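Fold and contact review
As a plain string of letters, each chain reads:
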Amino acid sequence: MAGAQKTLRKEDPALLSGRGRYADDLPVPVGTLHAHVIRSPHAHADIVSIDASAALAHDGVWAVLTGDDVRNMSEPFLAAVKTPVTQWSLAVERVRYVGEPVALVVAESRYIAEDAAELVAIAYAPLEAILDPVAACEKSAPLIHPQAETNEVSVRKFCYGDTEAAFAKADRRIAMTTEFPRLSFTPIECYVVVATHNAAENSYDVLANFQGPFSMHPVMARALRVAGPKLRLRIPPDSGGSFGIKLSVFPYVVLMGLAAKITGRPVKWVEDRIEHLVSASSGPNRVTTAEAAVTKDGRILGLRLDQLEDYGAFLRAPMPGPLYRMHGAVTGAYDVANVEVVNRVVLTNKMPSSLIRGFGGPQLYLALERLMQRIAVELKLDPLDVICRNLVPAAKFPYKTAAGALYDSGDYLRAVEIATGGGRLEELKRKRAAARAAGKKYGIGFAVIVEPAMSNMGYLSTVMNAQAREKAGPKNGAVSMARVNIDPLGAVSVTADVTVQGQSHETVLAEIVSRELGLKPDDVEVVLEIDTAKDQWSIAAGTYSSRFASGTAVAAHLAAVQMRDKLKGIAARQLNVLPEDVELAQGKIRSRSNPDNALPFGRVAATSHWSPVMLPESMAPALSETGVWSPQELEPPSHDDRINTSFTYGFVFDMCGVEIDPKTYQVRVDRYVSMHDAGRILNATIAEGQIRGAFAQGVAAALYEEFTYNEEGAFLSGTFADYLVPTVSEIPPVEILHHSSPSPFTPLGAKGLAEGNCMSTPVCIANAIADALGVADVPLPATPRRIHAMLAESGKP
């Protein structure tokens, strides 16, 4: 495996010694004010009145913003689905979920702002709330947005192949309904925004721990009623995690910008943990009815999916991303030519949903892989045999799926064989047999998934029909950018279009660039503080959808190659050789045929700065090279709605054994094996860390974490005493295996791997529980209470 040597991260000295530079650590301008958000205690209510007079009379209070202020000063946020639904950065006339921002108090300190918030008198007229996504689709359901005339704001049906014929031909039709829960992944650091308004230029300068995608920059600029260059967005050097959540800081960027404009002073807001849990964002819950047309030996002829996704009170851009990100890959790792999909978007009185790690994947694969297990059970076949019988054959790669995804490479069956071999599966079967002989409940689960990376920026346009897309203009592709610079003394620096969240981008970029320039990684300085006023960026910029390995890393490689070739041209004249004979190695630039004919790297690099007349003819003197990577495989949706939703596609096969305690009803993961094919691994240490992190969050989704509401819409998961985030002691060991099928579409051959286990682990554990208990339905998270209920319903105490 390439890059298999253990390396130290460049990020660690600062982070492990407490010298990280997070948004709340950075200095702010003199005179900065502090903000506190007043939030709705109701899930659904009209705002009758807001009286801020007492708060405004409080010493140190500069302003109290309400919905009327933001409506007068800003535009509602753009959304991907065209509906009459509007959302501003504060509630206007009505609140639609517990925790919705209603007013903003701005004062000389956070303490004063929080004290003054208690003096703001807000009168509400409560309305009936609707929480259940299926019930919300009924015509009798209370409307979240009356002007929309429905809560089901988007319905699209897609047909690929001949599904009718496939189902008519089938020996059996097997169907089931799954419900993926609403949950979040909670970063250590919450939202931070510091906004300044320049009245002379009517421009905004905002520091925020925003993660991207930067397609949200024009959304924020439009909401602030300024042109893009008038909104300078700066990202801090470090971020305390994100996992997708920090996309949703964008409404607060606008809100703090408006507060800075009103007060004429910089305004800082730091979200606290209670605010974050109740209203930051979450992954959407989804109800999926899946039906397969199968032969008696378990071969799938056709597939039908009805996917109802709950986005909470508002459909914020870039939603409904989780519903459509996986659309091209809706058949997963299986070779199925006939597919029918219905995608439905519903609004309820919950906090708005957005992206979280693996977005769209956990929901899809819970339905697909649970269905595969049911097929095996109902046909009395081995689940692994059913999986293997339907996998995409290695000979078919690159493989075009029914819905349009172009899977770049893989040998899925071989990867499964490696993972189940070595006595691993036999040991699990022995343990299961022994446990059941002793009267214990032990089950084995499997899951296979395709892990997409680097989203096609046009995938969301499939929410529109072909005629609407033609009218709006084509949308597709994904641009990645990186820049390599060399200063007058030969020092190398790199900037790139990713935001820092802990993925070790600094380390990997330094390794990629140093390898091309013949240097050590420590010789390369990487700076990843994006500033939209002066750094390279596109709407695809940011850190999400595992875009780094397939995108930004390639851009850095291209920039380094361009710089290498430029240095070869400069050195050739000084070494009196042809450029083709020049190599960069061990900190020198030398003749390949005569290594003693060499010059120090810094001396050659300095030529461009100190002696530009010595450069080859037509060569520009600056030593700054920008790599831009825009893969042609990311085409716009076709007229028949086929879309290659991502650029590269990895593969994950998981296998686990679980035992259920007969007294506590707790699920214990006895053994877990996870096989990954992510192409060429760029850094083995970092890859293992990313996989283990995704695995931990997959276990959390399977067994612990869930956002819950009562019938009135009150949020019941507002503290870590109620929202159970597992600690390291609850996460079982995982055996990580690799099988490499390098992508033929990228110069580095690498694919994404940081989200796979968020997608595969919940359903793998669910399948093991189903096997252990002999039940058809396994609601997640599989808490002891739910395990007890499953046993009671099945009549198996």
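Quantities reported herein were computed from a predicted structural model and do not represent experimental measurements.

Quick look at the overall build of the chain now. When its secondary structure is counted, the chain shows 21 helices and 28 strands. Against the compact-globule benchmark of 28 Å for 797 residues, the chain has a radius of gyration of 27 Å, which places it among compact chains. Projected onto the principal axes, the alpha-carbon positions of the chain cover approximately 85 × 75 × 55 Å. Across the 797 residues in the chain, those meeting the buried criterion constitute 61%. Look at the contacts in the chain between residues 6 or more apart in sequence, and 80% of them connect residues 24 or more apart. Entry remark: accessible area of the chain is about 29400 Å², with carbon and sulfur atoms responsible for 53%. Between the averaged position of the 78 positive side-chain charges in the chain and that of its 89 negative side-chain charges there is a distance of 4 Å.

We now examine the packing of aromatic side chains. The final tally for this structure, using the stated rule, is 19 aromatic pairs. On the numbers, 4.7 Å between centres and 50 degrees between planes, the contact of Phe707 with Tyr723 is tilted. Within this pair, whereas Phe707 is found in the loop between α19 (684-703) and β28 (735-738), its partner Tyr723 is found in the loop between α19 and β28, the two being separated by 16 residues in sequence. We note that Phe707, like Tyr723, is buried. One aromatic cluster in this structure is built from Phe707, Tyr709, Phe715 and Tyr723. Here Arg325 stacks its cationic end above the ring of Phe359, 4.2 Å away from the centre of that ring.

In this structure, strand β22 (residues 582-585) lies alongside strand β23 (residues 588-591), joined through 4 bridges in antiparallel fashion. Each bridged residue has a counterpart across the sheet, and for Glu583 the counterpart in β23 is Arg590. Turn length for the β22-β23 hairpin, with the two strands adjacent in sequence and antiparallel, is 2 residues, and the turn residue Gln586 shows positive phi of about 55 degrees. Pairing of β23 with strand β24 (residues 598-600), which is carried by 3 bridges, proceeds in the antiparallel orientation. Counterpart to Arg590 in the pairing with β24 is Ala598. From the end of β23 to the start of β24, which pair antiparallel, there are 6 residues.

Let us look at the sheet that holds strand β13 (residues 285-294). In a beta sheet, neighbouring strands are held together by backbone hydrogen bonds and run either parallel or antiparallel to one another. An order of β7-β15-β14-β13-β8 is seen for the 5 strands of this open sheet, with the pairing classed as mixed. A strand with exactly one partner marks an edge of an open sheet, and here the two such strands are β7 (152-160) and β8 (172-180). This sheet shows a mean twist of 10 degrees between the axes of neighbouring strands, independent of strand direction. When strand β14 (residues 300-310) meets strand β15 (residues 339-346), the two strands line up parallel, connected through 8 bridges.

This paragraph deals with the nonpolar core. The nonpolar side chains of a soluble globular protein tend to be buried with one another. The biggest cluster of nonpolar side chains holds 186 residues, and the ones touching the most others in it are Phe210, Met256, Ile375, Phe653 and Ile769. No other element matches helix α20 (residues 756-773), which puts 11 residues into this core. Counting the residues that make up this core, at least three belong to each of domain 1 (12-127 + 189-240 + 245-279) and domain 2 (285-458 + 635-793). Beyond its immediate sequence surroundings of up to four residues, Phe653 is in contact with Leu384, Val416, Ala419, Thr420, Phe446, Ala447, Val448, Val673, Ser674 and Met675.

Let's shift gears to the side chain of Glu152. Here Glu152 lies in strand β7. A distance of 3.1 Å separates a polar atom in the side chain of Glu152 from a polar atom in the side chain of Arg344. The residues contacting Glu152, other than those within four sequence positions of it, are Cys137, Arg344, Val345 and Val346.

Let us look at the sheet that holds strand β21 (residues 524-527). One open sheet holds the 4 strands; their spatial order is β21-β20-β19-β25, and the pairing between them is mixed. What marks the edges here is a single partner per strand, and that holds for β21 and β25 (624-629). This sheet shows a mean twist of 20 degrees between the axes of neighbouring strands, independent of strand direction. Packed on one face of the sheet, helix α17 (residues 547-575) meets β19 (480-486), β20 (492-496) and β25 and runs near 145 degrees to β25.

A few words now on the pattern of salt bridges. Note on pairing: side chains with opposite charge can pair once their charged atoms come close. For the structure shown, the criterion picks out 48 salt bridges. For Arg286, the salt bridge goes to Glu309, with nearest N and O atoms at 2.5 Å. Of this pair, Arg286 sits in strand β13 while Glu309 sits in strand β14; the two residues are 23 residues apart in sequence, bridging distant segments of the chain. With a relative accessible area of 2%, Arg286 lands in the buried category. Salt-bridge contacts for Arg590 lead to Glu583; the nearest nitrogen and oxygen are separated by 2.7 Å. Assigned by exposure class, Arg590 and Glu583 land together as buried. Here the salt bridges do not stand alone but share partners, grouping Arg424, Glu427, Lys431, Glu659, Arg668, Asp670, Arg671 and Glu735 into one network.

Under the domain assignment used here, the chain contains domain 1 (12-127 + 189-240 + 245-279), domain 2 (285-458 + 635-793) and domain 3 (480-629). Computed over C-alpha atoms, the centres of domain 2 and domain 3 are 39 Å apart. On the domain 3 side, the residues contacting the 25 residues of domain 2 number 22 residues. The largest share of the area that domain 2 buries against domain 3 comes from Met454, Met457 and Leu748, three residues that together contribute 32% of it. Counting the contacts that link domain 2 with domain 3 gives 0 salt bridges. Of all the elements in the fold, those that place two or more residues in the side of domain 2 that touches domain 3 are β18 (441-455), β26 (646-660) and α19. Looking at which element gives the most residues to the side of domain 2 that touches domain 3, the answer is β18, with 5 residues.

Attention shifts here to the packing of α17 against helix α18 (residues 601-610). Orientation of α17 relative to α18, taken along the N-to-C sense of each, is 100 degrees, at an axis distance of 10 Å. By the angle between their axes, α17 is roughly perpendicular relative to α18. Contact residues: Leu567, Ile570, Ala571 and Gln574 in α17; Phe601, Val604, Ala605 and Thr607 in α18. When grouped by side-chain class, the residues that make up the contact of α17 with α18 number 6 nonpolar, 2 polar and no charged.

Under the 1.5 Å per step criterion, the end-to-end length of α17 is 40 Å for 29 residues, consistent within 8% with the ideal 42 Å. Ala553 marks where α17 bends most, by close to 25 degrees. Along α17, 23 of the 29 residues are buried, which leaves the element largely enclosed by surrounding structure.

Let us look at the side chain of Glu511. Residue placement: Glu511 occurs in helix α16 (residues 505-517). Buried charge without a partner: Glu511 forms no salt bridge, and the closest opposite charge is Arg515, 5.8 Å away. One polar contact links Glu511 to Asn683, side chain to side chain, over a distance of 3.0 Å.

Attention now moves to α20. Taking 1.5 Å of rise per residue, 18 residues should cover 26 Å, and α20 covers 26 Å from first to last C-alpha, within 8% of that figure. The buried count for α20 comes to 17 of 18 residues, which makes it a mostly enclosed element. Phi for Gly774, located one or two positions after α20, is positive at around 70 degrees.

The rules behind the values
Residues numbered from 1 in each chain as written. Predicted model: local features only at pLDDT ≥ 70, side-chain atom pairs only at ≥ 80, totals over all residues. Heavy atoms only, no water. Helix = DSSP H or I, 4+ residues; strand = E, 2+ residues; numbered from the N terminus. Rg over C-alpha atoms; globule rule 2.2 N^0.38 Å. Buried < 20%, exposed > 50% of the residue type's maximum accessible area, 1.4 Å probe, protein only. Contact = heavy atoms within 4.5 Å. Areas by Shrake-Rupley, 256 points an atom, 1.4 Å probe, with all protein chains shown as cover. Lys, Arg positive; Asp, Glu negative; His and termini not counted. Charge placed at Lys NZ, Arg CZ, Asp CG, Glu CD. Phe/Tyr/Trp six-rings, centres within 6.5 Å; stacked < 30°, edge-to-face > 60°. Lys NZ or Arg CZ within 6 Å of the ring centre and 35° of its normal. Pairing = 2+ DSSP bridges. Axes fitted to C-alpha atoms, helices over the stretch in contact; angles between N-to-C directions. Core = buried A, V, L, I, M, F, W, Y, C linked by side-chain atoms within 4.5 Å. Domains from an automatic or database assignment. Polar contact = N/O pair within 3.5 Å; in protein donor to acceptor, adjacent residues only side chain to side chain. Salt bridge = Lys/Arg side-chain N within 4 Å of Asp/Glu carboxyl O. Buried area = accessible area lost by both parts, 1.4 Å probe. Parallel < 35°, antiparallel > 145°, perpendicular 65-115°, else oblique. Nonpolar A, V, L, I, M, F, W, Y, C, P; charged D, E, K, R; others polar. Expected span 1.5 Å × (residues − 1). Bend = angle between axes of the 7 residues up to and from the residue.

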